[in-house]
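One letter stands for each residue in the lines below.
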Amino acid sequence: MALLTAIRTACMSAWTAQYCLAPGKAINVGVIGLGAQAIFQVIALYSVYKIDCIYAYDINPQAAKRFEQHIKVYGLLCCIVDDARSVCNEAQLLVTATN
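Keep in mind that this is a model prediction, so the values were computed, not measured.

## What to know about the pattern of salt bridges
Then comes step 1: One pass over the full model with this rule turns up 2 salt bridges.
Then comes step 2: A salt bridge links K50 to D52, with the shortest nitrogen-to-oxygen separation between them at 3.1 Å.
Then comes step 3: Residue class for D52 comes out partly exposed when judged on its relative accessible area of 38%.
Then comes step 4: Ionic pairing is found between E68 and K72, a salt bridge with its closest N-O pair at 3.5 Å. Taken together, the residues E68 and K72, both in helix α3 (residues 61-72) and 4 residues apart, mark about one turn of the helix.
Then comes step 5: Take K72: its relative accessible area is 49%, and that puts it in the partly exposed class.

Structure (structure tokens):
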């Protein structure tokens, strides 16, 4: 993954999210697909929103563990859940970062 592409994609997602949900609110973010792009997405959203919790799911448990480790560096609460439905049930804003 090219770094510039990852940053640009995440920034556009955060910019667009502002038109879907008022910025500045405390929200739960849901993330499905926990590779490198998902980390950039959350960081960009964190610049716009106060994030109470990140509900996250990936079919690969190792990817989920790596994601959780990276996110905790930012002091964010991350809850790895067992399925995508659980992510959708808990999130006010949903990110899908799958291929």
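## Thoughts on the packing of helix α2 (residues 36-46) against α3
Then comes step 1: The contact between α2 and α3 brings their axes to 10 Å, and the two run at 30°. The angle between α2 and α3 places the two elements in the roughly parallel class. As for how α2 packs across α3, the hand of that crossing is right-handed. On α3, the residues that touch A38, I39 and V42 of α2 are F67, H70 and I71.
Then comes step 2: Among the residues making up the contact of α2 with α3, the classes are represented as 5 nonpolar, 1 polar and no charged.

What counts as what
Residues numbered from 1 in each chain as written. Predicted model: local features only at pLDDT ≥ 70, side-chain atom pairs only at ≥ 80, totals over all residues. Heavy atoms only, no water. Salt bridge = Lys/Arg side-chain N within 4 Å of Asp/Glu carboxyl O. Buried < 20%, exposed > 50% of the residue type's maximum accessible area, 1.4 Å probe, protein only. Helix = DSSP H or I, 4+ residues; strand = E, 2+ residues; numbered from the N terminus. Axes fitted to C-alpha atoms, helices over the stretch in contact; angles between N-to-C directions. Parallel < 35°, antiparallel > 145°, perpendicular 65-115°, else oblique. Left-handed = near helix turned anticlockwise from the far one by under 90°. Contact = heavy atoms within 4.5 Å. Nonpolar A, V, L, I, M, F, W, Y, C, P; charged D, E, K, R; others polar.

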